[in-house]
Amino acid sequence: MNELLLGAFGALLVLGAGATILEHDPYKKIISLSVLIGGAIPFIVDRGLIDVATAVALIAPLSTIFILMAVRRAAP
């Protein structure tokens, strides 16, 4: 993988993890997890696990939407 892309995706992973740890608002925390997943998918593809990357790319956005709906419903 190109070193520039490697650094960019690594930065997405670190920023997503840091934001997830520091956020207290459930909406922002879920969105930070999505950024983390977006940074992890290229590394999965680089290993040659295209089927796993496809499953993650399909499941992650759907689960984010459902979790956001559940958090919105549970929040006062």
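Criteria and cut-off values
- Residues numbered from 1 in each chain as written.
- Predicted model: local features only at pLDDT ≥ 70, side-chain atom pairs only at ≥ 80, totals over all residues.
- Heavy atoms only, no water.
- Helix = DSSP H or I, 4+ residues; strand = E, 2+ residues; numbered from the N terminus.
- Buried < 20%, exposed > 50% of the residue type's maximum accessible area, 1.4 Å probe, protein only.
- Contact = heavy atoms within 4.5 Å.
- Areas by Shrake-Rupley, 256 points an atom, 1.4 Å probe, with all protein chains shown as cover.
- Lys, Arg positive; Asp, Glu negative; His and termini not counted.
- Charge placed at Lys NZ, Arg CZ, Asp CG, Glu CD.
- Polar contact = N/O pair within 3.5 Å; in protein donor to acceptor, adjacent residues only side chain to side chain.
- Patch = residues over 30% accessible without salt bridge, like charges linked within 9 Å, V, L, I, M, F, W, Y side chains within 5 Å.
- Salt bridge = Lys/Arg side-chain N within 4 Å of Asp/Glu carboxyl O.

## Digging into the overall build of the protein chain
(1) Moving on: Secondary structure summary: the protein chain contains three helices and zero strands in total.
(2) Moving on: Overall, the protein chain shows an N-to-C arrangement of helices and strands of α-α-α.
(3) Moving on: Overall, the C-alpha framework of the protein chain stretches about 45 × 25 × 10 Å when taken along its three principal axes.
(4) Moving on: Sorting the 76 residues of the protein chain into buried and exposed places 14% on the buried side.
(5) Moving on: Within the protein chain, contacts between residues separated by at least 24 positions form 47% of all contacts whose residues are at least 6 apart in sequence.
(6) Moving on: Total accessible area on the protein chain stands at roughly 5,400 Å², and carbon and sulfur atoms take up 75% of it.
(7) Moving on: Of the charged side chains in the protein chain, 5 are positive and 5 negative; the average position of the first set lies 15 Å away from that of the second.

## Some thoughts on the environment of Tyr27
(1) Moving on: Tracing the backbone shows Tyr27 in helix α2 (residues 26-46).
(2) Moving on: Remark: the alpha-carbon pair of Tyr27 and Ile59, spanning 32 residues in sequence, is separated by 18 Å.
(3) Moving on: Those residues in contact with Tyr27, other than ones at most four positions away along the chain, are Leu68, Val71 and Arg72.

## Describing the side chain of Thr64
(1) Moving on: Mapped onto the fold, Thr64 is located in helix α3 (residues 50-74).
(2) Moving on: Here Thr64 falls in the buried class, since its relative accessible area comes to 15%.
(3) Moving on: There is a polar contact of 3.2 Å between the side chain of Thr64 and the side chain of Ser34.
(4) Moving on: If near-sequence neighbours (up to four positions away) are discounted, Thr64 is found in contact with Ile30 and Ser34.

## Quick word on a nonpolar patch on the surface
(1) Moving on: A cluster of nonpolar residues, Leu62, Ile65, Phe66 and Met69, forms a patch on the protein surface that exposes about 410 Å² of accessible area.
(2) Moving on: Turning to its location among the elements, Met69 is positioned in helix α3.

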